[in-house]
Amino acid sequence: MTEGWTYAKAGVDIDHKSSAIASLVGELKYRREGRGTMVRKKNLFASLIDFGDVYLTMATDGVGTKLLVAEELGVWDTVGIDCIAMNVNDTICVGAEPMSFVDYIAIDHPDEGITKAVGIGLEKGAELSNMEIVGGEIAVLPEMVNGVDVSGTCLGFVDKDKVVTGEDCREGDLIVTLASSGIHSNGLTLARKVFESAGYGMRDSCPGLQKTVGMELLTPTRIYVKDVLDILSKYEVHGLVDITGGGLRNILRMKEGLRYVIDNPLKPAPIFTKIQELGEISDKEIYQTLNMSMGFDIIAPADAAEEIARNYDGAAVVGRVEKGKGVLLEQGNILYENY
């Protein structure tokens, strides 16, 4: 291989995706009047809806090409956890508590075995989030879908005086990370292509990995709801960041005019180092594509951050906030300035 893999080379260009999103949002101009209007603030992980003394929140997401791994292995009972996780982990980024969920499954042909297994994961994810699944939809689309797609939408709530937007971040804050469970549900297109190009199938073992390639990639996304809500009840928190698509660039959603420096990143789990090694992927590319074991970031005053790092599972101080702009990964002096 003459040059390393990138997400764009694998078929997903995050800059083009951002342009496509902007073109869609540019057409959404109607504004509701009365109760239930949206709070006009950019870059939130979940939308805020004014509803009297509280904000309601909405977030929507899916499992992505992790489903192709599930299909190849015939293992469907974990992807429901991923579907829940991708939504609730965004919901808590504004300080909100997940409350209700609806799922959407698009399938080419009804299969009771698959839908039952997906339901097992959805139920587990709901339990881990203390959230009820109140409805959903199974659409049979043989002319449009080849296989199965799983997504959903989460409704949450937060008291107005407890909302977290990132605007309170300030110089001197520290960045605490909560460790990920693995690759979560982003960057699977890149991961799959890397393993395939190196000659590894989803059922194969790979040196350095404890499980087969496919089972490593199917490790369910960690749900951070209980830890983060507990942290919010005990400590002053200025910013919350779900490290999903975009990797460290997601931190750019926090207050502008500051530099968020990652000076002590967690040691990446073997799945990440193996993907980077096999794909000859640069540090800049992989830290903006995968979570690299840093699944969820909390920005807080130094005393609070250090205490959080001591008291929560998989937590560690990984960075600081200083004057400047962008997100700086000190190893390699890599600066991300565009979200």
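Presented here is an overview of the structure given in this document. Each chain carries its own residue numbering, running from 1 in the direction its sequence is written. At least 70 in pLDDT is required for a residue's local features to be given in this predicted model, at least 80 for side-chain atom pairs to be given and counted, and no such filter applies to totals for whole chains, interfaces and linings, which use all residues. Values shown for side chains rest on all heavy atoms present in the structure; no hydrogens or waters enter the calculation.

Before going further, it helps to spend a moment on the packing of aromatic side chains. Here the aromatic set is Phe, Tyr and Trp, taking the six-membered ring for Trp, and pairing holds for ring centres within 6.5 Å; pairs whose planes are under 30 degrees apart are stacked, those over 60 apart are edge-to-face, and all others are tilted. One pass over the structure, following the stated rule, counts two aromatic pairs. Pairing F195 with Y200 gives two aromatic rings, centres 6.4 Å apart and planes at 85°, and the pair type is edge-to-face. In this scheme, a residue with accessible area under 20% of its type's maximum is buried, one over 50% is exposed, and one in between is partly exposed, where area comes from a 1.4 Å probe on protein chains only. Looking at F195, the relative accessible area reads 0%, which means it is buried. Between Y224 and F296, the ring centres sit 5.4 Å apart and the planes meet at 35°, which makes this aromatic pair tilted.

Turning our attention to the sheet that holds strand 11 (residues 326-329). DSSP-based pairing: two strands are paired if at least 2 bridges between them are found. Helix and strand assignments follow DSSP, with helices taken as H or I runs no shorter than four residues and strands as E runs no shorter than two, numbered in order from the N terminus. Read across the open sheet, the seven strands follow the order 7-9-6-10-8-11-12; overall the sheet is mixed. Looking at the sheet topology across the chains shown, the edges are occupied by strand 7 (239-242) and strand 12 (334-336). Recorded for the sheet is a direction-independent mean angle of 25° between the axes of neighbouring strands. Relative to strand 10 (residues 315-323), strand 8 (residues 258-262) is paired through five bridges, and the arrangement is antiparallel. For Y260, the partnering residue across the bridge sits in strand 10 and is V321. To obtain an axis, a line is fitted to C-alpha atoms, over the contacting stretch when the element is a helix, and the angle between two such axes runs from 0 to 180 degrees between their N-to-C directions.

The definition used for a disulfide is geometric: two cysteine sulfur atoms within 2.5 Å. Using the criterion set out here, one finds zero disulfides in the structure. With no disulfide of its own, C93 lies closest to C169 among cysteine sulfurs, the gap being 12 Å.

Here we come to the layout of surface pockets. Using a grid of 1 Å spacing that covers the protein atoms alone, one calls a set of points a cavity when a 1.4 Å probe fits there but cannot get out, and a pocket when the set is open and has protein on both sides within 12 Å along at least five of seven lines; lining residues are those with an atom within 4 Å of a point. Grid points are joined across faces, edges and corners, and a volume is the space filled by probe spheres set on the points. Counted as a void, the second largest pocket has a volume near 240 Å³. In this structure, the second largest pocket is lined by G95, A96, E97, F157, V158, D159, K162, V164, L229, L232 and S233. Mapped onto the lining of the second largest pocket, the elements with two or more residues apiece are strand 5 (148-159) and helix 8 (225-234). For the lining of the second largest pocket, the class distribution of residues is six nonpolar, two polar and three charged. In the scheme used here, Gly and all other residues not listed as nonpolar or charged are polar, with Ala, Val, Leu, Ile, Met, Phe, Trp, Tyr, Cys and Pro taken as nonpolar and Asp, Glu, Lys and Arg as charged.

Tallying each qualifying case throughout the model produces one cavity of 30 Å³ or more. Counted as a void, the largest cavity has a volume near 50 Å³. Residue lining of the largest cavity: N43, L44, F45, C93, V94, V164, T165, G166, L240, R253 and M254, and that is the complete set. Looking at side-chain class alone, the lining of the largest cavity contains seven nonpolar, three polar and one charged residues.

Bringing the environment of A300 into the picture now. Looking at the secondary structure, you find A300 in strand 9 (residues 294-300). A relative accessible area of 0% places A300 in the buried class. Sequence separation between A300 and V176 is 124 residues; the distance between their C-alpha atoms is 7.8 Å.

A grouping of I21, L24, V25 and L28 is seen on the molecular surface, where their side chains present a nonpolar patch of about 370 Å² in accessible area. Relative to the helices and strands, V25 is located in helix 2 (residues 14-25). Patches here are clusters of residues that have more than 30% relative accessible area and form no salt bridge, with a 9 Å joining cutoff for like charges and a 5 Å cutoff for nonpolar side chains (Val, Leu, Ile, Met, Phe, Trp, Tyr). Under the convention used here, a 1.4 Å probe and the Shrake-Rupley method define accessible areas, while residue burial counts only the protein chains that appear. One speaks of a salt bridge when a side-chain nitrogen belonging to Lys or Arg is within 4 Å of a carboxyl oxygen belonging to Asp or Glu.

For a helix, the expected span equals 1.5 Å multiplied by the residue count minus one. Taking 1.5 Å per residue, 18 residues should reach 26 Å; helix 5 (residues 112-129) reaches 25 Å between its end C-alpha atoms and fits that length. Among the residues of helix 5, I114, A117, V118, G121, L122, G125, A126 and S129 are the ones counted as buried. Buried residues belonging to helix 5 abut helix 4 (79-91), strand 3 (97-107), strand 4 (132-140), strand 5 and helix 8. The N-capping residue of helix 5, defined by a side-chain oxygen 2.9 Å from the backbone nitrogen of G113, is D111. A positive backbone phi angle near 50° is found at N130, which sits one or two residues after helix 5. Any two residues whose heavy atoms approach within 4.5 Å at even a single point are treated as in contact. Here a polar contact is recorded for every N or O atom pair within 3.5 Å, except that within protein the pair must consist of a potential hydrogen donor and a potential acceptor, and residues adjacent in sequence are included only if both atoms are side-chain atoms.

Any functional reading would require information that these geometric values do not contain.
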